[in-house]
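# Structural features, examined
One letter stands for each residue in the lines below.
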Amino acid sequence: SAVLVDGVVLNGPTTDAKAGEKFVEEACRLIMEEVVLKATDVNEKVCEWRPPEQLKQLLDLEMRDSGEPPHRLLELCRDVIRYSVKTNHPRFFNQLYAGLDYYSLVARFMTEALNPSVYTYEVSPVFLLVEEAVLKKMIEFIGWKEGDGIFNPGGSVSNMYAINLARYKYHPDIKEKGLFGLPRLILFTSAECHYSMKKAASFLGIGTENVCFVETDGRGKMIPEELEKKVCQARKEGAAPFLVCATSGTTVLGAFDPLDEIADICERHSLWLHVDASWGGSALMSRKHRKLLHGIHRADSVAWNPHKMLMAGIQCCALLVKDNSDLLKECYSAKASYLFQQDKFYDVSYDTGDKSIQCSRRPDAFKFWMTWKALGTLGLEERVNRALALSRYLVDEIKKREGFKLLMEPEYANICFWYIPPSLREMEEGPEYWAKLNLVAPAIKERMMKKGSLMLGYQPHRGKVNFFRQVVISPQVSREDMDFLLDEIDLLEYEKRATILR
Ligand SMILES: O=C(O)c1cc(=O)cc(C(=O)O)o1
């Protein structure tokens, strides 16, 4: 007989598992056919551009009182795929991540299906051990004998963790007493640093005015002598320097700060050295290129995002902390009795979730672990070497081509260049020239998006007008794609001129 409480029938499950299982099976087939099997086909479009107002009409976004039948849901899934940017595509060069890693994708399917939350061993035994193993291996590549770390949702969050840890180390009372009585803390970073330095300063109550941006040289590298000057000046003004954030692989130029010289200054002034290697950390996997991060073993903390050059799925970001003084746990643990019971039947030191600022947390390390298991260290090294070799090839091709002008000789996978259309090539490089050149990249970007043939980032940067930033990552990218990139930009310009003349 039916059991009712408050008019609700409680007998049996509420959902028909059979229908749900069938929907999952059909949706997975759709993902396989429309995403995975098309991912590396350069004849597919990188994007099916629609302006927001039009896309709102095309997508049936409204949530209604009654649910949709499975066949309708599958149509919605098809539309979602159709109008989503194909970041796996070999000609998706828009960001510091790209491409499809099949092994990481399987890991992501698995964690979505298993849906663990990585706070305690009892809920996530496998994924906690995987995270511990991956962190240990990454620490080995940084060159520390021991250390700690945690995966978190973004390189920006890693930087915030590091800054807060440094402040806690400087003044442990802050955990209980808050910001009262603290001197004016100052942190130092380069003028090319990631914008999360500002975010961290505002989020942590340090204040963006207390972020001191140190000048960089012509290749975007922090100038140590300038850092020394700024630290001494801050002390003279009665402020309290506590951290330097060096960058290994800056976002736009791909520049690597001189870590050894910066570490000397940090030692001399007892400052915490954090290295934001979110983008450049992956070069540590390559014996040929790891010298870009020479001196990184002297850092107190490192941010390193395998979701960038190493293609673990977004997000896969590690914060690594030198030595094993349990600083992370001391700084962040809040010992929730309903998660971190101390009388469990197993060794609770495996309940590592309490060193996170999060409660529920995704098993992000697993995406990287699966790729590492599949490729091995040597395979990952080869992936980095190939990306940098392709970058080298593109730089050489740009130097041969009329109308393409490098901003600087890159040291990593960021190739920054202007495209100078025929109409500007004879013009003298005065204010009018730069004003006109500033309009070129946005116009070409619009055309490539509408054509769906390519996605390439552009930006103005520290007084330089809009220029393209090519980023080479994916092993599915070929030399032909590099040639295509240059040919397509020329063609898009030509097509624009042709439409205007028509
Ligand atoms: O994780 C990324 O892919 C990423 C992070 C950034 O801050 C900036 C960029 C970027 O400029 O492409 O990418």
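Presented here is a report on the structure given in the accompanying data block. (Residues numbered from 1 in each chain as written. Predicted model: local features only at pLDDT ≥ 70, side-chain atom pairs only at ≥ 80, totals over all residues. Heavy atoms only, no water.)

## Looking at unusual backbone geometry
- Omega for the peptide link from I314 to Q315 comes to -10 degrees, which places this bond in the cis form.
- Phi is positive for M311, which is not a glycine, with a value near 65 degrees.
- Its relative accessible area of 3% is what places M311 among the buried residues. (Buried < 20%, exposed > 50% of the residue type's maximum accessible area, 1.4 Å probe, protein only.)

## Digging into the pattern of salt bridges
- Under the criterion given, the structure shown has 50 salt bridges.
- In this structure, D148 and K355 form a salt bridge, with 2.6 Å as the shortest nitrogen-oxygen distance. Linking D148 in strand β4 (residues 147-152) with K355 in the loop between α11 (327-332) and α12 (365-400), this pair joins segments that are 207 residues apart in sequence.
- Since its relative accessible area comes to 11%, K355 is described here as buried.
- Salt-bridge contacts for E226 lead to K229; the nearest nitrogen and oxygen are separated by 3.0 Å. On the criterion of helical spacing, the pair formed by E226 and K229 is a turn pair, its members being three residues apart in helix α9 (residues 224-236).
- One salt-bridge network, held together by shared partners, links D60, E62, R64, E68, R72 and E75. (Salt bridge = Lys/Arg side-chain N within 4 Å of Asp/Glu carboxyl O. Helix = DSSP H or I, 4+ residues; strand = E, 2+ residues; numbered from the N terminus.)

## Overview of the nonpolar core
- Core analysis: the largest hydrophobic core is formed by 70 residues, its most contacted members being V302, W304 and L320.
- Of the residues forming this core, the biggest block, nine residues, is contributed by helix α5 (residues 125-142).
- Once residues within four sequence positions are removed from consideration, L320 is found in contact with L135, M138, I139, I142, W144, D148, G149, D300, S301, V302 and W304.
- Within the second largest apolar cluster, 36 residues are counted, among which are L253, L407, I415 and L486. (Core = buried A, V, L, I, M, F, W, Y, C linked by side-chain atoms within 4.5 Å. Contact = heavy atoms within 4.5 Å.)

## Section: the state of the cysteines
- According to the stated counting rule, one finds zero disulfides in the structure shown.
- With no disulfide of its own, C28 lies closest to C77 among cysteine sulfurs, the gap being 10 Å. (Disulfide = S-S within 2.5 Å.)

## Regarding the environment of D326
- Residue position: D326 is located in the loop between β10 (317-322) and α11.
- The partly exposed category is assigned to D326, whose relative accessible area is 39%.

## Things to note about the site of the ligand
- Around the ligand, the surrounding shell consists of Q95, L96, Y97, H194, T251, H307, K308 and R469.
- Note that an oxygen atom of the ligand is positioned 2.9 Å from one of the side-chain N or O atoms of H307.
- The contact in question runs from an oxygen atom of the ligand to an N or O atom on the side chain of R469, over 2.8 Å.
- Here the ligand, which alone exposes 320 Å², has 77% of that area covered by the protein. (Near = heavy atom within 4 Å. Polar contact = N/O pair within 3.5 Å; in protein donor to acceptor, adjacent residues only side chain to side chain. Areas by Shrake-Rupley, 256 points an atom, 1.4 Å probe, with all protein chains shown as cover.)

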